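These are the residues of each chain, in order.
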Amino acid sequence: MATQARRLDVSEFDFDDVKDNLKTFLRAQTEFTDYDFEGAGINILLDILAYNTHYLGFNSNMLANEMFIDTASIRSSIVSHAKTLGYEVGSATAPKATVNVTMNNASTSTRTIPAGTTFSTTVDGVSFQFVTVSDITANKSALDIIFNNVEIFEGTFITQRYTVDSSDADQRFVVNDNRIDISSLSVVVQNSVSDTTTSTYTKATDITQLTGDSAVFFLQEVESGKFEVYFGDGVVSKSISDGNIVLLTYVATNKELANGASTFSNTGAIDGETDITVTTVGSADGGGERE
C-alpha cells in the first residue's frame, strides 16, 4: 500500500480530482508528513498545477476529436465527430407561416385550435398542407374568437407511441421519418395505459444544470439520417420506467418546396366551428434541407 500511495494517479482530468491526487501523492512523501495542504501557500501551487493539468487534458481531448473531421467523407462519421464536440447536427426545416384565425359568430365563449389542425395552400399549382404543432386556446371578443399570430408548419403531423420495456435491451425511441423538423418535436411521457397522467419533457440544452428530477430528453442523429430520443438515468435527469408510454409528435416536411406560400384556408371545422377566416400575417419561409 505504501508503494502504491507514493505513485501519482494520472487517471483523472477534472480539476478537483487532479488536485486531490496531487495532495494524496505529496502526503505519502516523508518530507510532507503532517503538512497542512489547505492553509499553506503550497495550496496555491497545487491549484496552478491542477489547472495546468486540466487545461492540457481538455486541449488534448479537443484535438483528438477534431483531427479527423476534415477527412471524414461519410455523413454518419461527421455526425459522430460533431457529437463528441457537443454540436447538434441540424435537421430538415419546414417552411413556417404566421396567420390569424377568426371563428366568426362563435357558438361558445372559448375555443381551442388543437395540435395537428390542417390548413391548405398552393404554390406553383402544387397543393401543400400546413399544420399547428400545439394546442392554442382563445376567448370570445364581441361575436368572434380571434387567434392572433398562429404559427403553422408545412408537412404532416405525426404521432409515434412507444411503451417502455427495460427487458428489451435493444429498445430505442427513434423518429421514423428522416424529414422531421426537430424544432417541431414534442416529447410527452404518459404514466401507463391505465393512468393517463402525462408529463411534458423539454429538450436538454445544458447538462451542468440538470438534476435527477429534471424532466428533459436528449436528441441525436443516428443511422439513415433519423433522430433518436433518449432519456436520463435518474442521476443526470429524470429516468423513465417500465410501462410508461413515450409519445413523440412532430412535423415531417417537404422542406423548401412550400417556401413563399401566402394564402391559406382551413381544411375543415376547427373545434366544432365552421365559419372561419384565415388571414396571413407572414408568408411561409425557412424551409430547407438538413444540414
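Right, let's walk through the structure included here. These numbers were taken from a predicted model, which means no experiment stands behind them. (Residues numbered from 1 in each chain as written. Predicted model: local features only at pLDDT ≥ 70, side-chain atom pairs only at ≥ 80, totals over all residues. Heavy atoms only, no water.)

A short note on the pattern of salt bridges
So, step 1. Applying the stated criterion across every chain, the model contains 11 salt bridges.
So, step 2. Between Lys96 and Glu151 there is a salt bridge, with the nearest N and O atoms lying 3.8 Å from each other. Of the two residues, Lys96 is situated in strand β1 (residues 96-103) and Glu151 in strand β6 (residues 144-154); the sequence distance between them amounts to 55 residues.
So, step 3. Relative accessible area serves as the criterion here: at 34%, Lys96 is assigned to the partly exposed category.
So, step 4. Residue Glu151 is classed as partly exposed on the basis of its relative accessible area, which comes to 40%.
So, step 5. Residue Arg290 pairs with Glu221 through a salt bridge whose shortest N-O separation is 4.0 Å. Pair noted here: Arg290 is in the segment after β15 (276-285) and Glu221 is in strand β11 (residues 216-221), with a separation of 69 residues, a long-range link.
So, step 6. Judged by its relative accessible area of 35%, Arg290 is partly exposed.
So, step 7. Where salt bridges share partners, they join Arg75, Glu221 and Arg290 into one cluster. (Salt bridge = Lys/Arg side-chain N within 4 Å of Asp/Glu carboxyl O. Helix = DSSP H or I, 4+ residues; strand = E, 2+ residues; numbered from the N terminus. Buried < 20%, exposed > 50% of the residue type's maximum accessible area, 1.4 Å probe, protein only.)

Section: a nonpolar patch on the surface
So, step 1. Residues Ile44, Leu45 and Ile48 make up a contiguous nonpolar surface patch of about 310 Å² in total accessible area.
So, step 2. Looking at the element boundaries, Leu45 is found in helix α3 (residues 42-66).
So, step 3. Residue Leu45 is classed as exposed on the basis of its relative accessible area, which comes to 52%. (Patch = residues over 30% accessible without salt bridge, like charges linked within 9 Å, V, L, I, M, F, W, Y side chains within 5 Å. Areas by Shrake-Rupley, 256 points an atom, 1.4 Å probe, with all protein chains shown as cover.)

By themselves, these figures tell us nothing about what the structure is for.
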